[in-house]
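# Structural description and commentary
Letter by letter, the chains look like this.
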Amino acid sequence: MGTAVDASAAVAEEVTENMLGGKKITVVFVLGGPGSGKGTQCINIVEHFGFTHLSAGDLLRAEIKSGSENGTMIDNMIKEGKIVPSEVTIKLLKEAMIKSENDKFLIDGFPRNEENRAAFENVTKISPAFVLFFDCAEEEMERRLLGRNQGRVDDNIETIRKRFKVFLESSLPVIEYYSSKDKVKKIDAAKPIPEVFEDVKAIFAPYAPKVGCPTDDRKFGRIFMFYIATP
């Protein structure tokens, strides 16, 4: 698997006038291969740092379950290991952010390629504060996926390997792009979950809610979580 340059600059919240009616927000992209454990760590970040978790994959699966024509198209593409068109995913993410009362978001599993990245920034006018990259060997990710038994249609060996191929060919260029801007925070995701979260906590320390603050926004992270099953 490719490598990414660790960002050394201090974490700083980036806010901008955007397509959310001027609502100022902080966005962190969460990337990693299928089975890297990023979904599990997103739950921990929500609980401890008050972010709202928006899983691109789960938003897409929710659309599939809705039975819409759009959902059928998404279902067929996922089964074939293809990437869903940017405009579809961006629309779902936009709707989720508008519904939320929070202003800090983890966008999990998106952008998946350079076209996704450019479209998101061009349409939303949002640039991520940083990218949290969960780096893990394919053998370990495959073992985790085959062992989780969540009943997902894409949890079979053939589709899993297609997803690995798509990630390597499409998502790593996104990580390299943000690395060139010193915006990648790389995590060794092969370690046990508690150890991984210790590394995550060090990165998110600047976002820790102030103790005793009556407006502690961790409540928003718990209430406005737009996912169905942890990816």
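Residues numbered from 1 in each chain as written. Predicted model: local features only at pLDDT ≥ 70, side-chain atom pairs only at ≥ 80, totals over all residues. Heavy atoms only, no water.

## Here we look at the sheet that holds strand β4 (residues 130-135)
- Overall, parallel pairing links the five strands, which are arranged β2-β3-β1-β4-β5 in an open sheet. This sheet does not close on itself; its edge strands, each paired only once, are β2 (52-55) and β5 (184-188). Between one strand axis and the next, the sheet turns by 20° as a mean value, whatever way the strands run.
- Two elements, strand β1 (residues 26-32) and β4, share five bridges in a ladder whose sense is parallel. By the bridge assignment, valine 30 is partnered in β4 with leucine 132. (Pairing = 2+ DSSP bridges. Helix = DSSP H or I, 4+ residues; strand = E, 2+ residues; numbered from the N terminus. Axes fitted to C-alpha atoms, helices over the stretch in contact; angles between N-to-C directions.)

## Remarks on the UniProt feature "binding site: a ribonucleoside 5'-phosphate" (unreviewed entry) in the chain
- The residues that UniProt annotates with the feature "binding site: a ribonucleoside 5'-phosphate" (unreviewed entry) are Arg61, Lys82, Ile83, Val84, Gly109, Phe110, Pro111, Arg112, Arg152 and Arg163.
- Note that phenylalanine 110 resides in the loop between β3 (104-108) and α5 (114-124).
- Classification of phenylalanine 110 as buried rests on a relative accessible area of 2%.
- Residues contacting phenylalanine 110, with those up to four places away along its chain left out, are Phe29, Val30, Leu31, Ala56, Thr89, Ile90, Leu93, Asn116 and Phe120. (UniProt positions renumbered as here; feature names shortened; annotations may be inferred. Buried < 20%, exposed > 50% of the residue type's maximum accessible area, 1.4 Å probe, protein only. Contact = heavy atoms within 4.5 Å.)

## Describing the pattern of salt bridges
- For the structure shown, the criterion picks out 12 salt bridges.
- Glutamate 121 is the partner of arginine 117 in a salt bridge, and the nearest nitrogen-oxygen pair spans 3.8 Å. Taken as a pair, arginine 117 and glutamate 121 lie in helix α5 at a separation of four residues, close to a single helical turn.
- Of the residues examined, arginine 117 reaches a relative accessible area of 9% and is grouped as buried.
- For glutamate 121, a relative accessible area of 18% gives the class buried.
- Of the charged contacts in the structure, one is a salt bridge between glutamate 140 and arginine 143, with a shortest N-O distance of 2.6 Å. (Salt bridge = Lys/Arg side-chain N within 4 Å of Asp/Glu carboxyl O.)

## Side note on the UniProt feature "binding site: ATP" (unreviewed entry) in the chain
- Sites flagged by UniProt as "binding site: ATP" (unreviewed entry) map to Gly35, Ser36, Gly37, Lys38, Gly39, Thr40, Arg148 and Lys191.
- Tracing the backbone shows glycine 35 in the loop between β1 and α1 (38-49).
- Among all residues touching glycine 35, those that are not within four sequence positions of it are Met141, Arg144 and Leu145.

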